[in-house]
Number of protein chains: 2
Amino acid sequence: MQTPKKIAVVGSGLVGSLLAIYLKRLGHTVHVYDRSPDMRTVEFSGRSINLVMSNRGWKAMQDVGLEEEIRKIGIPVDKRGIHLQDGSFVTQFYGKEGEAIFSLSRGVLNRKMIDLAEEAGVDFFFNRKIWDISLATATLFEGESEQGQWSELKYDIVFGADGAFSRIRHRMQRQAMFDYSQEFMSLGYKELHIPANEDGTHKIDKNSLHIWPRGNFMLMGLSNLDGSFTCTLFMPFEGENSFEQLKDEKALVDFFATYFPDTKEVIPDLVNDFFKNPTSYLAIMKCYPWTYEDKVALIGDSAHAIVPFYGHGMNAGFEDITILNELISNYGDDWKTIFSEYQKSRKPNADAIAELSRRNFIEMSTKTADEKFLLQKKIEKWFSDKHPDKWMPLYSRVTFSLQPYSEALAIGDFQNKIMEEVMQIENIASKWNSEEVEKIILQKLTTSIGLLD
Amino acid sequence: MQTPKKIAVVGSGLVGSLLAIYLKRLGHTVHVYDRSPDMRTVEFSGRSINLVMSNRGWKAMQDVGLEEEIRKIGIPVDKRGIHLQDGSFVTQFYGKEGEAIFSLSRGVLNRKMIDLAEEAGVDFFFNRKIWDISLATATLFEGESEQGQWSELKYDIVFGADGAFSRIRHRMQRQAMFDYSQEFMSLGYKELHIPANEDGTHKIDKNSLHIWPRGNFMLMGLSNLDGSFTCTLFMPFEGENSFEQLKDEKALVDFFATYFPDTKEVIPDLVNDFFKNPTSYLAIMKCYPWTYEDKVALIGDSAHAIVPFYGHGMNAGFEDITILNELISNYGDDWKTIFSEYQKSRKPNADAIAELSRRNFIEMSTKTADEKFLLQKKIEKWFSDKHPDKWMPLYSRVTFSLQPYSEALAIGDFQNKIMEEVMQIENIASKWNSEEVEKIILQKLTTSIGLLD
């Protein structure tokens, strides 16, 4: 058991709320601050991409006994449903039979997490703006405005779970020896909406992650419990097929008729949604160190904001909590070691999921429309089913395993090299599931087995 | 001629002061703000690396007629003087006969630049702290402290010449679509001092840039007009041969006796200097965009802080001014185009000198002690002397030419590939200046001539 501390968590998002539950159960006093109103009292929509919970997220839920509660508000999604431009629809299963990610509405999940944290005894302080921190003393500075009067809030430990634009990190950034980068994508996104049928059922398959891959842009859709879908249009801000071009109703309707004709029926409010909802930015933030002595630690997006194309922003943040919790078990009250091991352990994995996520845009927007790529995935799945001990596809490693992201990335690169060679085999399309191909893959694996886990 | 504007330059460093002179001569009202006292009234030492002016810097001086004035306060340095650990001393000329860089004391040069700017009619405001800016209105916010009362200073155009930790950039960083990175080196530096002889002469050759290359650390020295040298010790903060290890007088004196025995005579105040002067950090800052509409522009270190190993921090900043001035000539009052073209033109070159500078630490600290490297440089120089139209060594491109840094880097990489092959020739050490080697290089150049300018 740990010596009880007075701990502040800045940010009541998913990671902040779950972390608060963990810390409260360890016996600490836990105060969560958020600059926004309590999201349970306000509408939450217009700029959200649905979440998918996968094994890393579930692991963090299980350890604190919340899995069952959360499964009730999610929908299992076991495959990609790919809407090709010629009107055909193909599916690609994510894993083995029974493996699925879970589609969750961000608003619904976050409200639930805050409820659960309050039940656990966490105190929430909404509409309280934290502008700055004294790192050496874990003192927060709070006030109405950045230039106004601030009051001091003194804690033993502060967690910055305040997201991609973290104020806690902002202070750390002004220390020497603090590495930091922010990189904005040339791609933005906009939320669109597929409503439920009148009887509350879904208009399209609720167990697919729907993608309309169109090269440098794409539309995707994830189901909600109420029968609706949250859709997200990803496209460049400028240039060919960009937000810049869709400046009036006619341009928008023509564009959708050309590229997403099958959405006409299911997105009735396209024009209204499109011009009402903001166009949001995508950015990758990296930094190091993540902690300051035994006083302050960044967690989740504040330490590693990534792009959403692998669906792992929340999962990576929840895994931060799992690792932190393990270290607390190992090191007890030695918060200096806990924080130091935490950042050393998580940093390479955060960098790896950042890289995997960046790459996955190309996979989703371009490769899923490519026959050769679909064949490659089919071969991988076939070989993996035959030799589950020898081949776990990258997606499964990332999503259905708890293998560190950095290992998954390294092994994935190795597997991809083998698959590139396999795809060069003559007539591969006709003999993809032959003994000959199986032997070739086995041979290639054996000669470099040292790289495999 | 331009329409006169009211322009603020934040920062009275070298780039800020020179820029102010340019802008004043174009007919603008120019106010320079600096958070520090007027450096002409205070001592300026203890954490400075001497500057070297090379062709890009001189170009900016020439265009505004200041070259002659500044040459008087500098000392030409035409070679590296390499102090090997065995006590031997070898030299390596930087360029052709008559080509030299100029050693300048930062304090002396900066004070002179401020004098010249005031003579030109620029107004300086010292001890005036700029904390923030409204980018859209070019309004500066000034006050005693960050949390205190601020007053507004309204301009037509603001230049952020406020260095690596720029407040102007800090505001830009909080805009969407602003890419930024800061990366600290694991290496720090400390200023040491070689005093003049009693008769005012230099204790070691004043026309050499002295290096004591020792692998992961090095000492360097640059001459001052008063007969002294400003020396800089670069070494890691932690680990083997690091600042961390030199924690007391005995450790320090032993260390210098082992690695820099020939400095014992010339650095009499080693212990005092070492423990009095701070250990300073080295960082690389990059960002983009550098400008905000026709209102605000970053220039010099605020846009591109680099490590000092190529001696190009000031030169790159002065070249920003040269390019900006050319664009002003081309586009007159169209500041939007001037700023847009300025950042597009300078960004790839700033990135290139950042990379060249980072690489040059290895060259200075390690390669200059390597016989093979010295031979390679000798071959390059010999070939370049014979075929000046076909081969300008990378150092000369960067230092004695005005070729864009990005081109210099690309061509330097190409030349290096050729030299690596040349160094593989059997018995190269004995026949390095033979017709055979000359022909081989000519041959290699011809087969890939497309890459050369």
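Criteria and cut-off values
- Residues numbered from 1 in each chain as written.
- Chains lettered and ligands numbered in written order.
- Predicted model: local features only at pLDDT ≥ 70, side-chain atom pairs only at ≥ 80, totals over all residues.
- Heavy atoms only, no water.
- UniProt positions renumbered as here; feature names shortened; annotations may be inferred.
- Salt bridge = Lys/Arg side-chain N within 4 Å of Asp/Glu carboxyl O.
- Helix = DSSP H or I, 4+ residues; strand = E, 2+ residues; numbered from the N terminus.
- Buried < 20%, exposed > 50% of the residue type's maximum accessible area, 1.4 Å probe, protein only.
- Domains from an automatic or database assignment.
- Contact = heavy atoms within 4.5 Å.
- Buried area = accessible area lost by both parts, 1.4 Å probe.
- Polar contact = N/O pair within 3.5 Å; in protein donor to acceptor, adjacent residues only side chain to side chain.
- Nonpolar A, V, L, I, M, F, W, Y, C, P; charged D, E, K, R; others polar.
- Least-squares fit on C-alpha atoms with pLDDT ≥ 70 in both.
- Axes fitted to C-alpha atoms, helices over the stretch in contact; angles between N-to-C directions.
- Parallel < 35°, antiparallel > 145°, perpendicular 65-115°, else oblique.
- Left-handed = near helix turned anticlockwise from the far one by under 90°.
- Pairing = 2+ DSSP bridges.
- Phe/Tyr/Trp six-rings, centres within 6.5 Å; stacked < 30°, edge-to-face > 60°.
- Lys NZ or Arg CZ within 6 Å of the ring centre and 35° of its normal.

Chain A appears in an unreviewed UniProt entry as Kynurenine 3-monooxygenase from Flavobacterium aciduliphilum. Looking at chain A in UniProt, the text filed under Function (unreviewed entry) is "Catalyzes the hydroxylation of L-kynurenine (L-Kyn) to form 3-hydroxy-L-kynurenine (L-3OHKyn). Required for synthesis of quinolinic acid." In its Catalytic activity (unreviewed entry) section, UniProt records this for chain A: "L-kynurenine + NADPH + O2 + H(+) = 3-hydroxy-L-kynurenine + NADP(+) + H2O".

Visitor: I tried to follow the pattern of salt bridges on my own but got confused; where do I start?
Guide: In a structure, side chains of opposite charge can pair up when their charged atoms sit close to one another. Residue and element names in this part refer to chain A. Tallied over the entire structure, the rule returns 62 salt bridges over all chains. Across the pair Asp-205 and Lys-79 runs a salt bridge whose closest N-O atoms are separated by 3.0 Å. With Asp-205 in the loop between strand E13 (179–194) and strand E14 (208–213) and Lys-79 in strand E5 (residues 79–83), this pair connects stretches of sequence that are 126 residues apart. With a relative accessible area of 32%, Asp-205 lands in the partly exposed category.

Visitor: Please clarify how the domain arrangement of chain A should be interpreted in this entry.
Guide: Interfaces are often sized by the accessible area lost when the parts come together. All names here are of chain A. What the domain assignment reports for chain A is domain 1 (6–73 + 106–182 + 283–361), domain 2 (184–281) and domain 3 (370–451). Measuring from the centre of the C-alpha atoms in domain 1 to the corresponding centre in domain 3 gives 36 Å. On the domain 3 side, the residues contacting the 17 residues of domain 1 number 14 residues. Looking only at domain 1, the three residues that lose the most surface to domain 3 are Arg-56, Tyr-310 and Leu-356, adding up to 41% of its buried area. Of the charged contacts, one joins Asp-413 and Arg-359 as a salt bridge, the two residues approaching to 2.8 Å between their closest N and O atoms. In this structure, the connection of domain 1 to domain 3 is made through 10 residue pairs in polar contact (both at pLDDT 80 or more). Breaking the side of domain 1 that touches domain 3 down by element, the ones donating at least two residues are helix H2 (55–62), helix H8 (313–331) and helix H9 (335–365). With 8 residues, the single largest contributor to the side of domain 1 that touches domain 3 is H9. The residue inventory of the side of domain 1 that touches domain 3, partitioned by class, reads 6 nonpolar, 5 polar and 6 charged.

Visitor: Got a minute to help me understand the relation of the copies chain A and chain B in this structure?
Guide: Between the two copies of the chain lies a rotation about an axis combined with a shift along it. Each copy superposes on the other: chain A lies on chain B with an RMSD of 0.0 Å after a rotation of 180° and an axial shift of 0.0 Å. Between the two chains, the operation in question is that of a two-fold axis. The C-alpha atom lying nearest the rotation axis in chain A is that of Ser-181 of chain A; the distance is 2.0 Å. In this assembly, 100% of the residues forming the interface of chain A have copies in chain B that are likewise at the interface, indicating an isologous arrangement.

Visitor: Teacher, can you tell me more about the packing of helix H1 (residues 14–25) of chain A against H8 of chain A here?
Guide: When two helices pack together, their arrangement is given by the angle between the helix axes and the distance between those axes. Residues and elements named next belong to chain A. Between H1 and H8, whose axes approach to 9 Å, the crossing angle comes to 20°. Accordingly, the angle class assigned to the pair H1 and H8 is roughly parallel. The two elements H1 and H8 cross, and the hand of that crossing is right-handed. Contacts between H1 and H8 involve Leu-14, Val-15, Leu-18, Leu-19 and Tyr-22 on the former and, on the latter, Met-314, Gly-317, Phe-318, Ile-321, Leu-324 and Asn-325. Of the residues belonging to the contact of H1 with H8, the class tally is 9 nonpolar, 2 polar and no charged.

Visitor: Explain the pairing of strand E9 (residues 130–134) of chain A here, please?
Guide: Remark: a regular strand shows side chains that alternate across the two faces of the sheet. With 4 of its 5 residues buried, E9 of chain A lies for the most part within the structure. A loop of 4 residues connects E9 of chain A with strand E10 (residues 139–142) of chain A, the two strands running antiparallel in sequence, and Ala-138 of chain A in this loop sits at a positive phi of about 50°.

Visitor: Honestly, the interface of chain A and chain B in this entry has me stumped. Any pointers?
Guide: On the side of chain B, 22 residues touch chain A, which itself brings 22 residues to the contact. Of the roughly 1,900 Å² buried at the junction of chain A and chain B (both faces included), carbon and sulfur atoms supply 45%. Of all residues in chain A, the largest losses of buried area upon contact with chain B belong to Gln-147, Met-177 and Gln-182 of chain A, amounting jointly to 31% of the total for that side. Joining chain A to chain B, the criterion identifies 2 salt bridges. Summed over the shared surface of chain A and chain B, the number is 14 residue pairs in polar contact (both at pLDDT 80 or more). For the side of chain A that touches chain B, the elements supplying multiple residues, two or more each, are helix H5 (167–173) and E13 of chain A. Element by element, the count of residues in the side of chain A that touches chain B is highest for E13 of chain A, at 8 residues. Among the residues forming the side of chain A that touches chain B, the class breakdown is 9 nonpolar, 8 polar and 5 charged. The sheet contact formed by E13 of chain A and strand E13 (residues 179–194) of chain B spans 3 bridges and is antiparallel. Within E13 of chain B, the residue paired with Ser-181 of chain A across the bridge is Ser-181 of chain B.

Visitor: Help me understand the packing of aromatic side chains in this model?
Guide: For any two aromatic rings, the description comes down to two numbers: the centre-to-centre distance and the angle of the planes. Tallied over the entire structure, the rule returns 58 aromatic pairs over all chains. Relative to Tyr-395 of chain A, the ring of Tyr-94 of chain A has its centre 4.6 Å away and its plane inclined at 10°; by these criteria the two rings are stacked. Taken together, the residues span a long stretch of sequence, with Tyr-94 of chain A in the loop between strand E6 (89–93) and strand E7 (101–104) and Tyr-395 of chain A in helix H11 (residues 394–400) at a distance of 301 residues. With a centroid separation of 6.2 Å and an interplanar angle of 80°, the aromatic rings of Tyr-33 of chain B and Tyr-155 of chain B are classed as edge-to-face. In this pair, Tyr-33 of chain B sits in strand E2 (residues 29–33) while Tyr-155 of chain B sits in the loop between strand E11 (151–154) and strand E12 (157–160), placing the two residues 122 residues apart along the sequence. As far as burial versus exposure is concerned, Tyr-33 of chain B and Tyr-155 of chain B are alike and both buried. Of the aromatic side chains, those joined through ring pairs into one cluster are Phe-184, Phe-237, Phe-243, Phe-274, Phe-275 and Tyr-281 of chain A. Just above the ring of Tyr-155 of chain A sits the side chain of Lys-6 of chain A; from NZ or CZ to the centre is 4.8 Å. Over the ring of Trp-131 of chain B we find Arg-35 of chain B, and its NZ or CZ is 4.6 Å from the ring centre.

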